Amino acid sequence: MSNRAPANLPASDIEDEGHERRSYVIGLVLALVLTTGAFAVVWFDLFSGAAALAALGLLAVVQAVVHLRYFLHIDLQRSHRDDLLLILFTVLILLIMVSGTIWILYDQHMRMMP
Amino acid sequence: MNWELIFGQIKWTSFVFAGMIENPSLSEAIASGAGSIAVLGALGTVVLLTVKGWWVPLWRDWLTSVDHKKVGIMYIVLALVMFARAVIEAALMRAQQLAATDGGGFLSADHFGQLFSTHGTIMIFFVAMPFITGLMNYVMPLQIGARDVSFPLLNAISLMLTMAGAVLIMVSLVVGQFSTGGWSAYPPFTGIEFSPGEGVDYWIWAVSLGSIGSTLTGLNFAVTIYKKRCPGMSLFRMPLFTWTTLCTSILMIFAMAPLTAATIMLALDRYAGFHFFTNGDGGNMMNYANLFWLFGHPEVYILILPAFGVWSEVVATYSSKRIYGYTSLVYATMCIAVLSFAVWLHHFFTMGQSANVNAIFGIATMIIGVPTGVKVYDWLLTMVGGRIRLTTAMLFHINFLLTFILGGMTGVLLANPGIDFQVHNTLFLVAHFHNMIIPGVLFGMFAAVQFWFPKAFGFRLHEGLGRASFWCFAPGFLLAFFPLYWLGMMGATRRTFTWSNPDYLPWFALAMLGAALILAGFAFMVMQIVVSVRRRAELAAPLGDPWDGRALEWSIPSPPPAWNFAVLPQVTARDAFYEAKKDGTAYRSPAAYEDIEVPRNTATAPLIGLFACAWAFGLVWHIWWLVIVSFVLIWAVVIARSFATHTEEIVPAATVKAANEAFLAAVRATPGVTRDQEMTAANRGRAIPESLEASAGALAAGAAVEVTR
Amino acid sequence: MSLSERLHPGINLAGTDPESHEAAEEVLFGFWIFLMSDLVLFAVLFATYAAMSVQGIAEGPRPAEVFDLTAAFLETLLLLFSSFAFGFAMLEMKYRENRRGVLGWLLVTGLLGAGFVGMELHDYYVMVTAHGATPQTSGFLSAYYLLTGTHALHVSSGLVWMAVMAVQVVVFGLSPAVKLRLMRLALFWHMLDVVWIGIFTFVYLYGVVS
Ligand code: HEM
Ligand SMILES: [Cu+2]
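Residues numbered from 1 in each chain as written. Chains lettered and ligands numbered in written order. Predicted model: local features only at pLDDT ≥ 70, side-chain atom pairs only at ≥ 80, totals over all residues. Heavy atoms only, no water.

Below, the discussion takes up the coordination of the iron atom of ligand 1. All names here are of chain B. His119 (NE2) and His434 (NE2) make up the full set of protein donors to the iron atom of ligand 1, lying at 2.0 Å. Metal-centred angles of 87 to 179° between the 6 donor atoms at the iron atom of ligand 1 mark the site as octahedral. Residue His119 is found in helix α6 (residues 109–143), and its partner His434 is found in helix α15 (residues 427–457); the two are separated by 315 residues along the sequence. For the pair His119 and His434, one class covers both residues: buried. (Donors = N, O, S within 2.8 Å, 3.2 Å for Na, K, Ca; no water. Tetrahedral: all angles 85-135°; square planar, octahedral: opposite > 155°, others 65-115°. Helix = DSSP H or I, 4+ residues; strand = E, 2+ residues; numbered from the N terminus. Buried < 20%, exposed > 50% of the residue type's maximum accessible area, 1.4 Å probe, protein only.)

Moving on, we get to the coordination of the copper ion (ligand 2). Residues and elements named next belong to chain B. On the protein side, the copper ion (ligand 2) has His297 (ND1), His346 (NE2) and His347 (NE2) as donor atoms, found 1.7 to 2.0 Å from it. Between the donor residues of the copper ion (ligand 2), the gaps in sequence give the motif H-x48-H-H. Taken together, the positions of His297 in helix α10 (residues 285–318) and His347 in the loop between α11 (326–339) and α12 (355–383) put the pair 50 residues apart, joining distant regions of the chain. Since its relative accessible area comes to 6%, His297 is described here as buried.

A few words on helix α16 (residues 463–490) of chain B. Along its 28 residues, α16(B) runs 41 Å from first to last C-alpha, staying within 8% of the 40 Å computed at 1.5 Å per residue. Positive phi appears at B:Gly491, one or two residues downstream of α16(B), with a value of about 110°. (Expected span 1.5 Å × (residues − 1).)

Glancing now at the packing of helix α13 (residues 392–414) of chain B against α16(B). All names here are of chain B. Remark: α13 packs on α16, axes separated minimally by 10 Å, with the N-to-C direction vectors making an angle of 10°. Viewed along their axes, α13 and α16 adopt a mutual orientation that is roughly parallel. Only Glu463, Gly466, Arg467, Phe470, Trp471, Phe473, Ala474, Phe477, Leu478, Phe482 and Tyr485 of α16 make contact with α13, whose side of the interface consists of Thr392, Leu395, Phe396, Asn399, Thr403, Leu406, Gly407 and Thr410. Among the residues making up the contact of α13 with α16, the classes are represented as 11 nonpolar, 6 polar and 2 charged. (Axes fitted to C-alpha atoms, helices over the stretch in contact; angles between N-to-C directions. Parallel < 35°, antiparallel > 145°, perpendicular 65-115°, else oblique. Contact = heavy atoms within 4.5 Å. Nonpolar A, V, L, I, M, F, W, Y, C, P; charged D, E, K, R; others polar.)

A separate point is the UniProt feature "transmembrane region" (unreviewed entry) in chain C. According to UniProt, the "transmembrane region" (unreviewed entry) feature falls on residues 27–51, 71–90, 102–119, 152–174 and 186–207 of chain C. Each end of residues 102–119 of chain C is marked by a C-alpha atom, and these two atoms are 26 Å apart; helix forms 100% of the span and strand 0%. (UniProt positions renumbered as here; feature names shortened; annotations may be inferred.)

Residues and elements named next belong to chain B. Around ligand 1 lies a shell of 24 residues, among which His119, Trp183, His434, Arg494 and Arg495 are the nearest. In this structure, Trp183 approaches ligand 1 through a main-chain N or O atom, which is 2.7 Å from an oxygen atom. Here an oxygen atom of ligand 1 and a side-chain polar atom of Arg495 are 2.6 Å apart. For the shell around ligand 1, the elements supplying multiple residues, two or more each, are α5 (68–99), α6 and α15. With 7 residues, α15 is the single largest residue contributor to the shell around ligand 1. (Near = heavy atom within 4 Å. Polar contact = N/O pair within 3.5 Å; in protein donor to acceptor, adjacent residues only side chain to side chain.)

Residues and elements named next belong to chain B. All chains considered together, the criterion is met by 22 salt bridges over all chains. Among the salt bridges present, the one from Asp201 reaches Arg270, with a minimum N-O distance of 2.8 Å. Placement of the pair is Asp201 in helix α8 (residues 199–227) and Arg270 in helix α9 (residues 240–272), with a sequence separation of 69 residues. Overall, the relative accessible area of 3% leaves Asp201 in the buried class. (Salt bridge = Lys/Arg side-chain N within 4 Å of Asp/Glu carboxyl O.)

Of all residues in chain C, 97% attain a pLDDT of 70 or more, and the chain-wide mean is 92. Interface predicted TM-score (ipTM) for the complex: 0.95; the corresponding pTM is 0.94. (pLDDT = per-residue confidence, 0-100.)

Our focus in this paragraph is the interface of chain A and chain B. By convention, interface size is frequently given as the accessible area that disappears when the constituent parts associate. Between chain A and chain B, the contact holds 19 residues from the first and 24 residues from the second. Taken together, the connections running from chain A to chain B amount to 0 salt bridges. Put simply, chain A and chain B have 4 residue pairs in polar contact (both at pLDDT 80 or more) between them. Its residues placed into classes, the side of chain A that touches chain B shows 11 nonpolar, 5 polar and 3 charged.

Moving on to the interface of chain C and chain A. Taken together, the contacts link 56 residues of chain C with 54 residues of chain A. In this assembly, chain C packs against chain A so that about 5,100 Å² is buried in total across both faces, 74% of it on carbon and sulfur atoms. Here chain C and chain A share 2 salt bridges between them. A salt bridge links C:Lys94 to A:Glu20; the nearest nitrogen and oxygen atoms lie 3.3 Å apart. Where chain C packs against chain A, one counts 7 residue pairs in polar contact (both at pLDDT 80 or more). Contributions of two or more residues to the side of chain C that touches chain A are made by α1 (18–55), α3 (69–96) and α6 (176–209) of chain C. Per-element tally for the side of chain C that touches chain A: the top contributor is α3(C), with 16 residues. Residues of the side of chain C that touches chain A, tallied by class, amount to 36 nonpolar, 14 polar and 6 charged. (Buried area = accessible area lost by both parts, 1.4 Å probe.)

Listed below in structure tokens is the structure:
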């Protein structure tokens, strides 16, 4: 479970400046597209009601993944396993906490409606 | 002159003694007495340190140290000191409830409220937490063959933040009042409208400091276990105590955040008129309960998991058997850790959500019982066919198995929303959680002290006095808390300073008796430590392995050198040290020694703790200049530290070699003892592995007895 | 160990500075854990906000009445570009150990970040003066100010940290300790983006849509 990657990994892709710079550029471009897209959904009223919420939520999740991938460089390599597992576990806890809280508070709220 | 600018809201009437002078009563006298004890205790300590000339060693060898072993010991000392206060408060509450029929008794309602609030807060945040943290600090790096934790300075900072919180609570004995809102501090009662004084603020800041300390500890230990294991120590070769430390650390990392959020919101409500939990303007006090227990439930597993780890080590060692069902114990621990995030609602079944919500959380709660049950069977089966020695620690373990199961069963009862509606907020609940926490966590920690004390100090604890304390603690617990189940079912509510049902009296009397026995047990424990220190020559076990131990911590001298391991061990199996003893590969001289880098002492952590304490005190009393100055100072210290360069020093290979070879020579020159001689003066810390006793025992035994008599 | 080993996600120093590279594994993993614990804090604030922005309006304004979407969008862009700039500071550090380059990009990052904080303060100002929307008005606004305020506070402490690091780059040069700190600051800075995406979407956009 240690973070050692196989030694035969090609050195080039991580020790190549062009490659690493490209990662930031791709990240920026994707993030810009996604953010602007989300903004456009609201600004131009592209969807309404629940559809808008779903679209926005989806765009946000995708953008979070883009940031993790291109700015924070999280990917599926063996050597990143610890960190990836950490993030996935965090997401699990986070979902439990957020969805549980919202569920509980809405349930109580509904029962207090006059 | 505007005094408020300087002293904030402190007035002369804020001092506890003023209450006694202006409004004399027994209740005030007790408050003043407690305040005096705190002041005198502090003064006494200062005088003692001065007379003995211990200031310098205290500062140089302890407070500025970043060695995980010293940090661990300081945590445990803190826990014991705070335990003394909290257990006396418990006895006072018991006495009040015994004396209180129809409004009788000697404490005012307000004073009683402060007592259960400080008792609960201290026991959880400043006894149980520092106790487990100290123990994990001391033991875990030794078990994984590491020289220290990953971030030694951060470790010391965690300690000092916890210490700052504890000091703040002690200060509340003298200046002002503590909260009366219980350890959970539910608004709206703790909001500014109903608790306008400084009490809740003391609670908020003391708890916040403790919880920041714990988050950092969790982070530190998780990284240590992930990245600092010695060669060969794969995850599934780790001792079980280390496993539970890992899971507890993960819980600390994630569970403290909701508490921090809740205390920040409560503080904003109180200080700045926000509306998170207020009774109008869109506040929602039910969210507080939700946030608090998002933390609170994982918290109880933060406490119990390390104790489970202790039980696993204790039962295997004193049964001289490999732990039964290692893998199932590991997976059970993981299951518990994850599930513990999914059950928090069972603490507020009665808050008004619909039956479906209650049902789901009730079921989730019952499921947690399953992995815990697995563990109980594993411990039982470890004993089967083992060479069991009924040492103090083992007595605590057997007591734990018996009583913890009962507590677990009442827990499953409480997980039924229908039943919970009946006994919620009664003494039944108080009985239940003490039933888990005292035999489980507290006695677990006591057992750990018996078990690892010789490792930390080089001599064993006096066994007879240990047993005496056990025989007070165990029945004392039963007497003090089993009557509360009955009382709860009769309808006696918790946090209540008086009552009028004559049927309660005998049960309260029994509970008082139990509390007295617990106090006696504590007295025996203190006596045990004092006597053992006096007789340390006779109890000495410097060779490191008094119990025929199994994990790596027993392979090094007692107390261990600053660098722990002269050469990082190479592990090939579980129970690494035991296997080495069996194969005859233990105590070999390494081929070569190398220089070792150890961190230098630094004043960073104690300074941060000091300023954090001042900052919190300023916040409690609205002394804004102090708040600003100490906040700036905290960060100034951090930044200044980041500019320091020579933070490490080198221990030359020759020094390491001399120390280690001397130790090995002493071990080789000493014949081992068998398990029958464990508690005799012959036990200098060299064990004949139980499995080899038959062949080697007779010979060595005779020789060993001769050496010491 | 071979030079090409990657010990952690992100910029690895294996090829250019093996000594710092070795030390980075533990330190960066620790920092990731810190970030995750911080993220849980934000998650709890989000959950609270989600409930209060609907149930906690009381007599106060609704989200749609007080939010300025264009400002929020511009703030998003500022943060994005500052993250991007930090990436270039890291490349300067790794491939050229170029103090000036690092300092230059840090300055760009810091200015964009400061612009973000400034705009946000301006938002607050407008909300308070034009709409009378203070944190004391309602539960919804309490939650709004706490959530966005906590984020802004994080960004501000990132700026202070950045200033300290700039001094350290000048004093110590790009020593291993300094590099490791810059790498952590970079993670911190990028992670605040991710949190902001959540705020932009679930606070501002959701607030205006529903
Ligand atoms: C050792 C002997 C102990 C005794 C005799 C004792 C006694 C008591 C009593 C009388 C109460 C008040 C019950 C009520 O609300 O009416 C109480 C509450 C409590 N105790 Fe203990 N206790 C002991 C140990 C502990 C320990 C070891 C812990 C935790 C580590 C603990 C945690 C608590 C908590 C959290 C509360 C609830 C406080 C509240 O209501 O907010 N106690 N205890
Ligand atoms: Cu619980």
